[in-house]
Amino acid sequence: ISVSKPYDSLSVGVNAGWNMLSVPLVVHDFRKSVLFPSAISDAFAYEGTYVSKDTLENGIGYWLKFSASETVDMVGSLISTQTINVADGWNLIGSISEPIATASITSIPSGIITSQFFKYTTAYQSTDTLEPGVGYWVKVNQAGQLILSSTLASASNRIRIVPTSETPPLPPGVDGESSNKIPVEYSLGQNYPNPFNPTTVISFDLPEDALVNLTVYNTLGQSVAVLLDGKEMSAGSRQIGLDAAGLPSGVYYYQLVATGK
């Protein structure tokens, strides 16, 4: 971590319900009960599954639930540079003390391939700027480190952002129960939002590891998008995004076909 002037304050807005948050300052006390005293849930980090944390860290993103919208104030030292360890796959990361363009993020080793970065406001949305105090999902193609910095970095070390149609893991369940709990049956949920323009998210449950096909059809029964084509997926609750920017306005249907392995 690179820390600048000794004391400063930042305000972070939260919504009623689940929020992805982070600690954008070096604070005196990192306990969740001190930083987010009005949260009505534990703070959950992601380590392949959700893990409850009593003490938070800079550079990590956390899920926290609130009963009402409010503003959380923090006092501490500003962070100008943050190095974040990431694992192959989805990672829930934090932010530094000022906004940073995702295109300026560098990595060790250089040129790590990532998905777009996702924030959460009742649904996932991709973003090209990381804001202080917010948590973000990003999927990477290999273990390494992401470096967030307010200073100009060498273009040769920057990450390569390759958009994905996948969406990040679901928020934690009710009362801290992980959304990674294995479902008891196959199910296909209603897309959200609906209606949508131009993106929406489709949810489905897999009670076992399976080969998954997910296809979107128009009202004539013609396939207009194949979101999953025999993809191997592990048991759990899953989401995938649909970008219909290239499709005409209208009504569409989707079908899930899953074959247990």
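Attention here is on the structure that accompanies the text. Since this is a predicted model, take the numbers as computed values, not measurements.

Topic: the overall build of the chain
Reasoning step 1: Counting its regular elements, the chain contains one helix and 24 strands.
Reasoning step 2: For the chain, whose C-alpha radius of gyration is 19 Å, the value lies close to the compact-globule estimate of 18 Å for 261 residues.
Reasoning step 3: On the principal axes, the C-alpha backbone points of the chain span a range of 65 × 45 × 35 Å.
Reasoning step 4: For the chain, the proportion of its 261 residues judged to be buried stands at 44%.

Quick word on the sheet that holds strand β23 (residues 236-243)
Reasoning step 1: Read from one edge of the open sheet, three strands run β19-β20-β23, paired in antiparallel fashion. Unpaired on one side and paired on the other, β19 (187-188) and β23 mark the two borders of the sheet.
Reasoning step 2: Bridge analysis of strand β20 (residues 199-206) against β23 gives eight bridges, and the strand direction is antiparallel. Across the sheet, Ile202 pairs through a bridge with Ile240, a residue of β23.

With respect to the sheet that holds strand β22 (residues 223-233)
Backbone hydrogen bonds are what pair the strands of a sheet, in a parallel or an antiparallel way.
Reasoning step 1: Read across the open sheet, the three strands follow the order β22-β21-β24; overall the sheet is antiparallel. Unpaired on one side and paired on the other, β22 and β24 (253-260) mark the two borders of the sheet. Pairwise comparison of adjacent strand axes, ignoring direction, gives a mean angle of 10 degrees for this sheet.
Reasoning step 2: Here strand β21 (residues 210-217) runs beside β24; their pairing, made up of eight bridges, is antiparallel. Across the sheet, residue Val216 finds its bridge partner in β24, namely Tyr254.

So, the packing of aromatic side chains
How two aromatic rings sit relative to each other is set out by the distance from centre to centre and by the angle between their planes.
Reasoning step 1: One pass over the structure, following the stated rule, counts ten aromatic pairs.
Reasoning step 2: Geometrically, the ring pair formed by Tyr46 and Trp137 is edge-to-face, given 4.9 Å between the ring centres and 80 degrees between the ring planes. Here the residue Tyr46 occupies a position in strand β5 (residues 43-46), and Trp137 occupies one in strand β16 (residues 136-140), the gap between them amounting to 91 residues.
Reasoning step 3: The buried category is assigned to Trp137, whose relative accessible area is 0%.
Reasoning step 4: Ring geometry for Trp63 and Tyr120: centres 4.9 Å apart, planes at 75 degrees, overall edge-to-face. Of this pair, Trp63 sits in strand β7 (residues 62-66) while Tyr120 is found in strand β13 (residues 117-120), placing the two residues 57 residues apart along the sequence. Like Trp63, the residue Tyr120 is buried in the burial classification.
Reasoning step 5: Chaining the aromatic ring pairs together yields one cluster made of Trp18, Phe44, Trp63, Tyr120 and Tyr124.

Some details on the nonpolar core
A general feature of soluble globular proteins is that nonpolar side chains tend to end up buried together.
Reasoning step 1: Leu21, Val23, Leu35, Phe36, Leu56, Leu64 and Phe66 are the most contacted members of the largest nonpolar core, which totals 20 residues.
Reasoning step 2: At the level of secondary structure, the elements contributing two or more residues to this core comprise β2 (8-14), β5, β7 and β8 (70-86).
Reasoning step 3: Contacts of Leu35, omitting those with residues within four sequence positions, involve Val23, Val27, Asp29, Phe30, Leu56, Val72 and Met74.
Reasoning step 4: Counting 16 residues, the second largest nonpolar core, distinct from the first, contains Ile79, Ile93, Ile96 and Leu148.

Notes on the pattern of salt bridges
Reasoning step 1: Per the counting criterion, the structure on display carries three salt bridges.
Reasoning step 2: The partner of Lys53 in a salt bridge is Glu47, and the shortest N-O contact between them spans 3.0 Å.
Reasoning step 3: Here Lys139 ties to Glu166 by a salt bridge, and the two come within 2.8 Å at their closest N and O atoms. Here Glu166 lies in the loop between β18 (160-161) and β19 and Lys139 lies in strand β16, a separation of 27 residues in the sequence.
Reasoning step 4: Taking the relative accessible area as the measure of exposure, Glu166 reaches 22% and is therefore partly exposed.

Cut-offs applied
Residues numbered from 1 in each chain as written. Predicted model: local features only at pLDDT ≥ 70, side-chain atom pairs only at ≥ 80, totals over all residues. Heavy atoms only, no water. Helix = DSSP H or I, 4+ residues; strand = E, 2+ residues; numbered from the N terminus. Rg over C-alpha atoms; globule rule 2.2 N^0.38 Å. Buried < 20%, exposed > 50% of the residue type's maximum accessible area, 1.4 Å probe, protein only. Pairing = 2+ DSSP bridges. Axes fitted to C-alpha atoms, helices over the stretch in contact; angles between N-to-C directions. Phe/Tyr/Trp six-rings, centres within 6.5 Å; stacked < 30°, edge-to-face > 60°. Core = buried A, V, L, I, M, F, W, Y, C linked by side-chain atoms within 4.5 Å. Contact = heavy atoms within 4.5 Å. Salt bridge = Lys/Arg side-chain N within 4 Å of Asp/Glu carboxyl O.

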